[in-house]
Amino acid sequence: MSKVCQISGKRPRVGNNVSKANNKTKRKFSPNLQRKRFYLPEEDKWVTIRVATSTLRTINKNGITAVLKEARAKGTAQI
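Here we summarise the structure given alongside this text. None of the values given here were measured: they were computed from a predicted structure. (Residues numbered from 1 in each chain as written. Predicted model: local features only at pLDDT ≥ 70, side-chain atom pairs only at ≥ 80, totals over all residues. Heavy atoms only, no water.)

Some thoughts on the side chain of T55
Working step 1: Within the fold, T55 resides in helix α1 (residues 53-62).
Working step 2: On the accessibility criterion, T55 (7% relative accessible area) is buried.
Working step 3: Residue contacts for T55: discarding those within four places in its chain leaves C5, I7 and S8. (Helix = DSSP H or I, 4+ residues; strand = E, 2+ residues; numbered from the N terminus. Buried < 20%, exposed > 50% of the residue type's maximum accessible area, 1.4 Å probe, protein only. Contact = heavy atoms within 4.5 Å.)

So this is what it looks like as structure tokens:
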């Protein structure tokens, strides 16, 4: 399963490990994904979504309906 948030579209980023001697080696920064169940009242069903914790905070603040509507308008929602 890919490491992509199904609402915000966050993906792993690429960067460098930097040593004390300033040697650089490639590394990945993965998003903090959690599997979470949400109830969608307009569709009257439960859905399980892989969501980043930063997106989860936005859902808690604005509500799943508003966040999902905005993500579908942007084209980032994969559900």
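There's plenty left to go through after this.
Quick notes on helix α2 (residues 64-74)
Working step 1: Those residues of α2 lying buried are I64, V67, L68 and A71. All buried residues of α2 lie within an arc of 95° about the axis, which places them on one face of the element. Opposite its buried face, α2 presents the exposed residues K69 and A73, each directed more than 90 degrees away.
Working step 2: Those residues of α2 that are buried are in contact with β3 (33-40) and α1.
Working step 3: Positive backbone phi, at 95°, marks G75, one or two positions downstream of α2. (Arc of directions from axis to C-beta.)

Description of the packing of α1 against α2
Angle between the axes and distance between the axes: these two values describe a pair of packed helices.
Working step 1: Running from amino to carboxyl end, α1 crosses α2 at an angle of 120°, the nearest separation of the two axes being 7 Å. By the angle class used here, α1 and α2 are oblique. Contacts between α1 and α2 involve T58, I59 and N62 from the first element and I64, A66 and V67 from the second.
Working step 2: For the contact of α1 with α2, the class distribution of residues is four nonpolar, two polar and no charged. (Axes fitted to C-alpha atoms, helices over the stretch in contact; angles between N-to-C directions. Parallel < 35°, antiparallel > 145°, perpendicular 65-115°, else oblique. Nonpolar A, V, L, I, M, F, W, Y, C, P; charged D, E, K, R; others polar.)

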